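Examining the three-dimensional arrangement
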Amino acid sequence: MPTEKTDTLVVGAGQAGIAMSEHLSAQGIPHLVLEKNRVAEAWRTGRWESLVANGPAWHDRFPNLEFEGCDPDGFPTKTIVATYMETYARMIDAPIRTGVEVVKAERNQGRPGFTVETSAGKIEALNVVAATGAFQHPVIPPVVPESEGVTQLHSFHYKAPDQLPEGAVLVVGAGSSGAQIADELNRAGRRVYLSVGPHERPPRAYRGRDFCWWLGVLGLWDMAAAEPGKEHVTISVSGAYGGQTMDFRRLASEGVTLLGLTEACTEGVVRFRDDLRTNIAAGDASYIQMLDLADAYTTRNGLDLPQEPEARDMLPDPECLTNPIRELDLKGAGITTIIWATGFRQDFSWMKVDAFDESGRPRHQRGVSSEPGIYFLGLPWQSRRGSTFIWGVWHDAKYVAEQIAIQGKYRAYRGPSDHQASAS
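So, a few notes on the structure that sits alongside this text. Every value quoted in this text rests on a predicted model; they were computed, and no experiment measured them.

The five strands lie next to each other as β8-β19-β9-β10-β15, forming an open sheet whose pairing is parallel. Edge positions in the sheet fall to β8 (151-154) and β15 (257-259), since each has one partner strand and no second. Across the sheet, the mean angle separating the axes of adjacent strands is 20 degrees when strand polarity is ignored. Note: strand β9 (residues 168-172) against strand β19 (residues 335-340), five bridges, orientation parallel. Across the sheet, residue V169 finds its bridge partner in β19, namely T337.

This is how it looks when you write it as structure tokens:
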């Protein structure tokens, strides 16, 4: 089979790959987009059935197309988001090939570019863009042995309450996914325990504006790096049930038992750190800080936004917060399922190039790799806080495409020595 050639090969046809294709086309750069599954597969088959976007429809989208079938201030369902991605790919005529898995990419020797092995044959490309995103492989920490006999699954594979065996559920991780799943299970009548680690919990809305709007006008979406020590602190926010502030005291008042960070498990007994009060207090502080910043901005700009003093009211501390549980016997508590909302790891093992540090993380500047011709898109904090959001990855893709175009112009340059060589 002859080797196919293209200027730029994009791996992945989720939001990153689609955005990359649009900007490469705008630069006139020939390219292909390969996807091992379907377009936006994670939105189709990953995560739970009732999942909605964490940002309102007016905000978390590509600039050139609005969501259909969703109120601008509403939160699109996973099905609407998947359909949106598919529609956008058709609108920009993205050259996507689905069902093609990339196996290996390595630099050519003695000639430009890379040879990429795929399930459909080899492709040679001058540039390779890894647009596989931030959420590749679910991570379940090796804490609770399988021999304990409880069902263990990652939040990515959780679908609905009736999917789980009868009994209580321990949800580990209280970011957006873990908190929303715990809330859904509790509403379904399950006994729920929620292990809460360090987090930030912004108000869903304040003074008539969604928190996405506040982050925008306050310049916080464009933060180039996380505050030191907060690189891995999760944000707990929800668009479920019409959008609401994720209040852990509320969850506790409705029956959820809050626990500290999950630490270890010995003979069926799970131990938790004595950090629940610290973690809740830090989340409260981030919440109040956002209210303070919003109030100051409103006053400074003379905005006519409604006062909302009740937003600062806190529910009473529940018993599980004043007297934290440090150990939990799984059988004694009737826990039959553990859901690990513990994030994802990235896998670039298919890239046989010098573009990674000793721990396997990409070495890059705004997606431009230390290895010439290799680019990344969709990484957390790739250029700013918003890099993993739909709108944020679109802007990152624009920058990466521009850099690819600049390098193309350098390659196309012909100096005096080139002209002399061709004349002779």
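The next subject is the packing of helix α1 (residues 15-26) against helix α3 (residues 78-91). A pair of packed helices is characterised by two quantities: the angle between their axes and the separation of those axes. One way to put it is that α1 packs onto α3 with a least axis distance of 10 Å and a crossing angle of 20 degrees. Here α1 is positioned roughly parallel relative to α3, judged by the angle of their axes. The handedness of the crossing between α1 and α3 is left-handed. Packed against α1, whose contacting residues are Q15, I18 and E22, the element α3 presents M85, Y88 and A89 at the interface. Looking at the contact of α1 with α3 residue by residue, the class counts come to four nonpolar, one polar and one charged.

Another aspect to go through is the packing of α1 against helix α9 (residues 390-412). Two elements in contact, α1 and α9, have axes whose closest approach is 8 Å; the angle formed by their N-to-C orientations is 45 degrees. One element, α1, and the other, α9, form an angle in the oblique class. Taken as a pair, α1 and α9 cross one another with a handedness that is right-handed. Contacts between α1 and α9 involve Q15, A16, A19, M20, E22, H23 and L24 from the former and I390, V393, W394, A397, K398, V400, A401 and I404 from the latter. When the residues that make up the contact of α1 with α9 are grouped by side-chain class, the tally is 11 nonpolar, two polar and two charged.

The tendency in soluble globular proteins is for nonpolar side chains to be buried as a group. I18, M20, F62, M85, Y88, L377 and I404 are the most contacted members of the largest nonpolar core, which totals 35 residues. Contributions of two or more residues to this core are made by α1, α3 and α9. For this core, the leading source of residues is α9, giving eight residues. Once residues within four sequence positions are removed from consideration, L377 is found in contact with A16, M20, V129, A130, A131, T132, G133, Q382, V393, D396 and A397. Membership of the second largest hydrophobic core comes to 26 residues, among which are V192, A252, V256 and L276.

This paragraph deals with unusual backbone geometry. With a phi angle near 55 degrees, Y241 is a residue other than glycine that sits in the positive phi range. Along the chain, Y241 falls in the loop between β14 (234-235) and α6 (248-253). Since its relative accessible area comes to 45%, Y241 is described here as partly exposed. Not every positive phi belongs to a glycine, and R366 is a case in point at roughly 55 degrees. Tracing the backbone through its elements, the reader meets R366 in the loop between β22 (364-365) and β23 (368-369).

On the basis of which strands lie adjacent, the open sheet formed by three strands has the order β16-β17-β18 and antiparallel pairing. Of all the strands in the sheet, the pair left with one neighbour each is β16 (262-266) and β18 (327-329). On average, each strand axis in the sheet is tilted by 20 degrees relative to the strand beside it, whichever way the strands run. Inspection of the sheet shows β16 paired to strand β17 (residues 269-272) by four bridges, in the antiparallel sense. Note that in β17 the partner of C265 across the bridge is V270.

Below, the discussion takes up the packing of aromatic side chains. Per the stated rule, a full pass over the model turns up 13 aromatic pairs. Pairing W221 with W391 gives two aromatic rings, centres 5.4 Å apart and planes at 80 degrees, and the pair type is edge-to-face. In this pair, W221 sits in the loop between α5 (211-217) and β14 while W391 sits in helix α9, placing the two residues 170 residues apart along the sequence. Overall, the relative accessible area of 4% leaves W221 in the buried class. Given the relative accessible area of 12%, W391 is considered buried. When the ring of F356 is compared with that of F376, the centres are 5.8 Å apart and the planes differ by 70 degrees; the resulting orientation is edge-to-face. Of this pair, F356 sits in the loop between β21 (351-352) and β22 while F376 is found in strand β24 (residues 374-376), placing the two residues 20 residues apart along the sequence. Across this residue pair, the class does not change: F356 and F376 are buried. Grouped by ring-pair contacts, the aromatic residues F62, F67, Y84 and Y88 constitute a single cluster. One cation-aromatic arrangement involves R191 over Y193; the distance from NZ or CZ to the ring centre is 4.7 Å.

Before going further, it helps to spend a moment on the layout of surface pockets. By volume, the second largest pocket is sized at about 250 Å³. Forming the walls of the second largest pocket are 17 residues, and the residues nearest its centre are P372, G373, Y375, Q407 and R411. Among the secondary structure elements, those contributing two or more residues to the lining of the second largest pocket are β6 (121-130), β23, β24 and α9. No other element matches α9, which puts four residues into the lining of the second largest pocket. A per-class count over the lining of the second largest pocket returns eight nonpolar, six polar and three charged.

Conventions and cut-offs
Residues numbered from 1 in each chain as written. Predicted model: local features only at pLDDT ≥ 70, side-chain atom pairs only at ≥ 80, totals over all residues. Heavy atoms only, no water. Pairing = 2+ DSSP bridges. Helix = DSSP H or I, 4+ residues; strand = E, 2+ residues; numbered from the N terminus. Axes fitted to C-alpha atoms, helices over the stretch in contact; angles between N-to-C directions. Parallel < 35°, antiparallel > 145°, perpendicular 65-115°, else oblique. Left-handed = near helix turned anticlockwise from the far one by under 90°. Contact = heavy atoms within 4.5 Å. Nonpolar A, V, L, I, M, F, W, Y, C, P; charged D, E, K, R; others polar. Core = buried A, V, L, I, M, F, W, Y, C linked by side-chain atoms within 4.5 Å. Buried < 20%, exposed > 50% of the residue type's maximum accessible area, 1.4 Å probe, protein only. Phe/Tyr/Trp six-rings, centres within 6.5 Å; stacked < 30°, edge-to-face > 60°. Lys NZ or Arg CZ within 6 Å of the ring centre and 35° of its normal. 1 Å grid on protein atoms, 1.4 Å probe; cavity = no way out; pocket = protein on both sides within 12 Å on 5 of 7 lines; lining within 4 Å. Points joined across faces, edges and corners; volume = space filled by probe spheres on them.

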